[in-house]
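# Fold and geometry: a report
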Amino acid sequence: MNLTLLAPFGLAALAALALPLLIHLIRRLELTPTEFAALRWITERMRPRRRLRFERPWLLLLRLALLALLAVLLARPVLTPPAASTRSWVVVAPAVERPAAHAAVSAPEADWRWLAPGFPRLEDIAPTVDSPVSSLLRELDADLPADTALTAIVPQELAGLDGERPRLAHALEWRIVPGRTQDTDAPAPEPARRLALRYAPEAEAAQTYLRAAVAAWNQREPNRYELDAAPASTPIPADAAWLVWLAPATPALTQWIERGGVALVAAGAAAEGEPIWRDDSGRVLARRQLSGRGRLIALTGAFAPSTLPILLDAEFPDRLRLALAGPPRAPTHAPATAALPLHDASAATAAARSLAAARPLDAWLALLIAALFLLERAIATRPRAETPA
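For the structure given in this document, a descriptive report is provided here. Computed from a prediction, not measured in an experiment: that's the story for all the values here. (Residues numbered from 1 in each chain as written. Predicted model: local features only at pLDDT ≥ 70, side-chain atom pairs only at ≥ 80, totals over all residues. Heavy atoms only, no water.)

### Quick word on the overall build of the protein
Counting secondary structure elements, the protein contains 9 helices and 17 strands. A separation of at least 24 residues holds for 69% of the contacts in the protein among residues at least 6 apart in sequence. Here the protein displays about 23,800 Å² of accessible surface, and carbon together with sulfur accounts for 60% of that area. (Helix = DSSP H or I, 4+ residues; strand = E, 2+ residues; numbered from the N terminus. Contact = heavy atoms within 4.5 Å. Areas by Shrake-Rupley, 256 points an atom, 1.4 Å probe, with all protein chains shown as cover.)

### Let's talk about the pairing of strand β9 (residues 225–231)
With 7 bridges joining them, strand β8 (residues 193–199) and β9 adopt parallel strand pairing. Bridge pairing in β9 places alanine 196 opposite aspartate 228. For the crossover from β8 across helix α5 (residues 207–220) to β9, the handedness is right-handed. (Pairing = 2+ DSSP bridges. Right-handed = clockwise from strand over helix to strand, strands pointing away.)

### As for the packing of aromatic side chains
Tallied over the full model, the rule gives 5 aromatic pairs. Considering the side-chain rings of tryptophan 217 and tryptophan 242, the 5.8 Å spacing of their centres and the 85° angle between planes classify their relative orientation as edge-to-face. Note that tryptophan 217 is positioned in helix α5 and tryptophan 242 in strand β10 (residues 242–246), a separation of 25 residues in sequence. Judged by relative accessible area, tryptophan 242 falls into the buried class, the value being 3%. For the ring pair tyrosine 225 and tryptophan 242, a centre distance of 6.2 Å and an interplane angle of 25° mean the geometry is stacked. In this pair, tyrosine 225 is assigned in strand β9 and tryptophan 242 in strand β10, connecting sequence segments 17 residues apart. You can call tyrosine 225 buried: its relative accessible area is 6%. Counting every residue linked through ring pairs, the aromatic cluster contains Trp217, Tyr225 and Trp242. (Phe/Tyr/Trp six-rings, centres within 6.5 Å; stacked < 30°, edge-to-face > 60°. Buried < 20%, exposed > 50% of the residue type's maximum accessible area, 1.4 Å probe, protein only.)

### Considering the sheet that holds β8
Here 7 strands make up an open sheet; going across it, the order is β9-β8-β10-β11-β14-β13-β12 and the pairing mixed. The strands lining the two open edges of the sheet, one partner per strand, are β9 and β12 (274–278). Direction aside, the axes of adjacent strands within the sheet are offset by 20° on average. Looking at chain direction, strand β11 (residues 262–266) and strand β14 (residues 294–299) are connected through 5 bridges and run parallel. Residue pairing across strands places valine 265 opposite alanine 298, the latter belonging to β14. Running over the sheet, helix α6 (residues 251–258) touches β10, β11, β13 (284–291) and β14 and is turned about 145° from β11. Strands β8, β9, β10, β11, β12 and β14 of the sheet are contacted by helix α7 (residues 316–325), whose axis makes an angle of about 170° with β12. (Axes fitted to C-alpha atoms, helices over the stretch in contact; angles between N-to-C directions.)

### Observations regarding the sheet that holds strand β17 (residues 359–360)
If you walk across this open sheet you meet the 3 strands as β1-β2-β17, and the pairing is antiparallel. In the strand order of this sheet, the two ends are held by β1 (2–5) and β17, each with one partner. Note: strand β2 (residues 77–80) against β17, 2 bridges, orientation antiparallel. In the strand pairing of β17, leucine 79 is matched with arginine 359.

### Examining the pairing of β11
Of all 5 residues in β11, 4 are buried, a share of seventy percent or more. Relative to β11, β10 runs parallel, the two sharing 4 bridges. Note on β11: the bridge partner recorded for tryptophan 242 is valine 262. Of the crossover connections in this fold, the one passing from β10 over α6 to the parallel β11 is right-handed.

### Describing the pattern of salt bridges
Evaluated as defined, the whole model comprises 12 salt bridges. With its nearest N and O atoms 3.1 Å apart, the salt bridge here joins aspartate 111 to arginine 113. You can call arginine 113 buried: its relative accessible area is 15%. Measuring nitrogen to oxygen at the nearest pair gives 3.5 Å for the salt bridge that ties glutamate 226 to arginine 194. Of this pair, glutamate 226 sits in strand β9 while arginine 194 is found in strand β8, placing the two residues 32 residues apart along the sequence. (Salt bridge = Lys/Arg side-chain N within 4 Å of Asp/Glu carboxyl O.)

### Quick word on helix α2 (residues 57–74)
Counted at 1.5 Å a residue, the expected span for α2 with its 18 residues is 26 Å, and the 26 Å between its end C-alpha atoms agrees. Residues Leu59, Leu60, Leu62, Leu66, Leu69 and Ala71 constitute the buried set of α2. Directly after α2, the chain includes arginine 76, whose backbone phi takes a positive value near 55°. (Expected span 1.5 Å × (residues − 1).)

### A word on the packing of α2 against helix α9 (residues 362–380)
The contact between α2 and α9 brings their axes to 10 Å, and the two run at 160°. Considering their axes alone, α2 and α9 lie roughly antiparallel with respect to each other. Handedness of the crossing formed by α2 with α9: left-handed. Across the interface between the two elements, Leu59, Leu62, Arg63, Ala65, Leu66, Leu69, Leu70, Val72 and Leu73 of α2 pack against Asp362, Leu365, Leu368, Ile369, Leu372, Phe373, Leu375, Glu376, Arg377, Ile379 and Ala380 of α9. (Parallel < 35°, antiparallel > 145°, perpendicular 65-115°, else oblique. Left-handed = near helix turned anticlockwise from the far one by under 90°.)

### Examining helix α4 (residues 133–143)
Note that an α-helix has 3.6 residues per turn; residues three or four places apart therefore point the same way. Every buried residue of α4 is accounted for by Val133, Ser134, Leu136, Leu137, Leu140 and Asp141. For α4, the buried positions fall inside an angular range of 165° around the axis, keeping them on one side. (Arc of directions from axis to C-beta.)

Here's what the structure looks like:
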């Protein structure tokens, strides 16, 4: 194990070691002199020699040790494992066959592992379920010593990805072989969606814009969307995926949203929530906010072109669908060439990786300091005979 100081500037506190030395010297100078009659016959040429002596040297040593340990504690010492010998690791995605992996990389002396939880050896049975590749690469990068050579063998079509390419401190050799990872996280086909519209008599004209939006959606995904338009007195259908409410708010509307519904409401000025629509001048047209388990999209004006000019925009159907459906899910399946991890060999990344297995000594130092303090107090407060000068 190697000793490392996380805050070496804390050793500047060692300057405080001069304090107990000065205290003991001052106490020595404050001794009370006693007159001796025989000293009158000693001339000035025969002055006694003076030696530098400290009062109670063992107490002084204890105080010096106590201050030194406090300075070391401020420097935050840790024990880090010794650097391992240079090795090489080859990790193979479960979708890759063993013969193809050995044909892609010739490294018989390397440590061959499956890119799966626990990183089992390649000789073990291949995992039957593909795992999140990005998370496993980050875990492996954090656990391996800094001097380990790392190679990953992956298929051409790779699953188990997240929204960001991994940033690894190790320089990774990325080998791509023919094949495809089974995307176990692929979403199931979405069912048909019903958009319910409930309106007051003065907002009946809004049906025109919503019917046009639903028709545009069905051009891309035929027969998937359906508009259910009715006056506000009509109950909200139980199978409605989304709701556009163009009438005064009611308790039924609030309960429907809090149970997990998504509704667009022309509620006048909406002071709270995240702005999602703005006009050309930057004025907020709609805000999004959470309400119970559901989401509320509150318009700042009426559902009409005079207050909502984006109704006449050709992109309004897409913007409305995105607002109701929420942000799209990050892709988990991509070509392996596009999923190549980034190499980040910055000092901060390397230091964080090397200190991941460090063992701090703060607790042990604190116990030792407490023991020395109690011992120092016991010696300092013990009665002693005064030595006259």
